[in-house]
Amino acid sequence: GAGVSQSPRYKVAKRGQDVALRCDPISGHVSLFWYQQALGQGPEFLTYFQNEAQLDKSGLPSDRFFAERPEGSVSTLKIQRTQQEDSAVYLCASSLYQGAGEQYFGPGTRLTVT
Amino acid sequence: AQSVTQLDSQVPVFEEAPVELRCNYSSSVSVYLFWYVQYPNQGLQLLLKYLSGSTLVKGINGFEAEFNKSQTSFHLRKPSVHISDTAEYFCAVTRTNFGNEKLTFGTGTRLTIIP
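The residue numbering used here restarts from 1 in each chain and proceeds along that chain's sequence as written. The lettering of chains begins at A and the numbering of ligands begins at 1, in the order of writing. Local features are withheld for residues below a pLDDT of 70 in this predicted model, meaning they are given only at 70 or higher, and side-chain atom pairs are given and counted only at 80 or more; totals for whole chains, interfaces and linings count all residues. Heavy atoms from the whole structure form the basis of all side-chain values; hydrogens and water molecules are not counted.

**Q** Whenever I open this one, the nonpolar core confuses me. Can you help?
**A** As a rule of thumb, nonpolar side chains are buried together in soluble globular proteins. One finds Leu33(B), Trp35(B), Leu47(B), Leu48(B), Phe74(B), Leu76(B) and Tyr89(B) to be the most contacted residues of the largest nonpolar core, which totals 28 residues. Starting at the N terminus, helices and strands are each numbered in turn, a helix being any DSSP run of H or I of at least four residues and a strand any DSSP run of E of at least two. For this core, the secondary-structure elements that each account for two or more residues are strand 2 (10–14), strand 3 (19–21), strand 5 (31–38), strand 6 (44–50), strand 8 (64–68), strand 9 (73–78), strand 10 (87–95) and strand 12 (109–114) of chain B. By the convention used here, residues are in contact when the closest approach between their heavy atoms is within 4.5 Å. If near-sequence neighbours (up to four positions away) are discounted, Leu33(B) is found in contact with Tyr25(B), Leu48(B), Lys49(B), Tyr50(B), Phe67(B), Phe74(B), Ala92(B) and Val93(B). Note on terminology: a nonpolar core comprises buried Ala, Val, Leu, Ile, Met, Phe, Trp, Tyr and Cys residues joined through side-chain atoms within 4.5 Å. Only protein chains enter the calculation, and the probe is 1.4 Å; a residue is then buried if its accessible area is under 20% of its type maximum, exposed if over 50%, and partly exposed in between. Counting residues in each nonpolar core, the second largest holds 20 residues, with Val4(A), Ala13(A), Leu46(A) and Ala88(A) among its members.

**Q** Is there a simple way to think about the pattern of salt bridges in this case?
**A** Note that side chains of opposite charge can pair when their charged atoms are close. Throughout this description, the term salt bridge denotes a Lys or Arg side-chain nitrogen within 4 Å of a carboxyl oxygen of Asp or Glu. Scanning the model with the defined rule gives 11 salt bridges over all chains in all. Put simply, Asp24(A) and Arg22(A) hold a salt bridge, and the shortest N to O gap is 2.7 Å. Given a relative accessible area of 22%, Asp24(A) falls into the partly exposed group. Classification of Arg22(A) as partly exposed rests on a relative accessible area of 38%. Here Asp86(A) ties to Arg64(A) by a salt bridge, and the two come within 2.8 Å at their closest N and O atoms. On the criterion of sequence distance, the pair formed by Asp86(A) in the loop between strand 8 (75–79) and strand 9 (88–95) and Arg64(A) in the loop between strand 6 (53–56) and strand 7 (65–68) is long-range, its members being 22 residues apart. Each member of the pair, Asp86(A) as well as Arg64(A), carries the same accessibility label: buried. Among the ionic contacts, a cluster of salt bridges with common partners joins Glu20(B), Glu66(B) and Arg77(B).

**Q** So what exactly am I meant to see when it comes to the pairing of strand 6 of chain B here?
**A** Consecutive side chains along a regular strand alternate between the two faces of the sheet. All names here are of chain B. Burial of strand 6 is extensive: five of the seven residues sit out of reach of the surface. One requirement defines pairing of two strands: DSSP has to find at least two bridges between them. Summarising the sheet, strand 5 and strand 6 pair through six bridges and their orientation is antiparallel. In the strand pairing of strand 6, Leu33 is matched with Tyr50. Where strand 5 folds back on strand 6, the antiparallel hairpin that results is connected by five residues, among which Asn41 adopts a positive phi of roughly 60°.

**Q** Please clarify how the sheet that holds strand 7 of chain A should be interpreted in this entry.
**A** Sheet strands pair by backbone hydrogen bonding; their relative direction is either parallel or antiparallel. Residue and element names in this part refer to chain A. Read from one edge to the other, the open sheet built from four strands follows the order 1-3-8-7, with strand pairing classed as antiparallel. In the strand order of this sheet, the two ends are held by strand 1 (5–7) and strand 7, each with one partner. For this sheet, the mean inter-axis angle between neighbouring strands, taken without regard to orientation, is 15°. Alignment of strand 3 (residues 19–24) against strand 8, held across five bridges, turns out to be antiparallel. Residue pairing for strand 8: Ala20 is matched across the bridge by Lys78. To get an axis, fit a line to the C-alpha atoms, keeping to the stretch in contact for a helix; angles then go from 0 to 180 degrees between the N-to-C directions.

**Q** What am I meant to see in the packing of aromatic side chains here?
**A** The geometry of an aromatic ring pair is captured by two quantities: the separation of the ring centres and the angle between the planes. Note on aromatic contacts: the rings of Phe and Tyr and the six-membered ring of Trp form a pair at centre separations within 6.5 Å, being stacked when their planes are under 30 degrees apart, edge-to-face when over 60 apart, and tilted otherwise. Under the criterion given, the structure shown has 13 aromatic pairs over all chains. Plain terms: the ring middles of Phe33(A) and Tyr48(A) are 4.7 Å apart, the flat faces sit at 20° to each other, and that makes the pair stacked. Here Tyr48(A) lies in strand 5 (residues 44–50) and Phe33(A) lies in strand 4 (residues 31–37), a separation of 15 residues in the sequence. Considered together, Phe33(A) and Tyr48(A) belong to a single accessibility category, that of buried residues. A ring pair is formed by Phe90(B) and Phe105(B), whose centres lie 6.3 Å apart and whose planes are at 90°; its orientation type is edge-to-face. Of the two residues, Phe90(B) sits in strand 10 while Phe105(B) sits in strand 11 (residues 104–105), which places them 15 residues apart along the sequence. Just as Phe90(B) is buried, Phe105(B) falls in that class too. An aromatic cluster is defined as three or more aromatic residues linked by ring pairs; in this entry it consists of Phe33(A), Tyr35(A), Phe45(A), Tyr48(A), Phe105(A), Phe34(B), Tyr36(B), Phe90(B) and Phe105(B).

**Q** Whenever I open this one, the state of the cysteines confuses me. Can you help?
**A** Simply put, the disulfide is a covalent bond whose two ends are the sulfur atoms of two cysteines. All names here are of chain A. In what follows, a disulfide is any cysteine sulfur pair within 2.5 Å. For the structure shown, the criterion picks out two disulfides over all chains. Across a sulfur-sulfur distance of 1.8 Å, Cys23 and Cys92 are joined as a disulfide pair. On the S-S bond that ties Cys23 to Cys92, the torsion sits near -65°, and the link is left-handed. Of the two residues, Cys23 sits in strand 3 while Cys92 sits in strand 9, which places them 69 residues apart along the sequence. Residue Cys23 shares its accessibility class with Cys92, and that shared class is buried.

Rendered as C-alpha cells:
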C-alpha cells in the first residue's frame, strides 16, 4: 500500500517568505508527527496530532511555526517569515494508533532559505 | 526527559566484516527503543524495535540489537555487512507511558562499507 507522502520534496524560499509543507499519512493512521532534521543531526520533534487534535506542540521553535490537521488526515506545516535557520529537512511520520510502537516516515521536504 | 547518545559519528567497515553501532540512552522513566536507517535523500525506515520481552531483538536486513537495562544501552550489530548497508543509522527512544509517542533521536552514525 501507499506510504507516507510529502510535498514538495524540495522548497527554496527567500528569507521572509511564507511556506507550507504538506503531509499525507498512511490511510487510517490516527497519529501524525512532524520532525525537523538539520544537516548532520538527528530528527527533532516538532508537534503531534491524534486525529485532528494537536496534543503536543512543545517542539515548535517559534510562533512562526504552525501546524494543522483539520480533518484528521492530511496535515500542513506552515512557516511564516522564513529565516535561514529554518533550513532543514522536515519529516512527517504516522502511526496506526496510540501505542502502536512504530512510526512510518515520509521522504521529507528539504527547505532551503536563501 | 529522555536523551540518546550515539558514540560514533562515522564507522568505516570492510565488506563482509562484522559491525557494532553503539547507542546509550538516559531516561527517568521506562522507554521503548528503536533503530532506524536513512538512505540518501530518503526518509527513515525502521530496522528493529524493543518494546518488551526478550532483550535480543532481530530486525530486517540481518541486523540485531540487545537491550541492556543496567548499562542503558541498545547496541546494533550485524555479523557480515554488505555494500548496500551504507547509510545513516539512528537510535531513538520513546517513553512507555503513551501519552505522546514522540521519538527522541541520537545524532546518528554514518556507516560506510569499504569494498
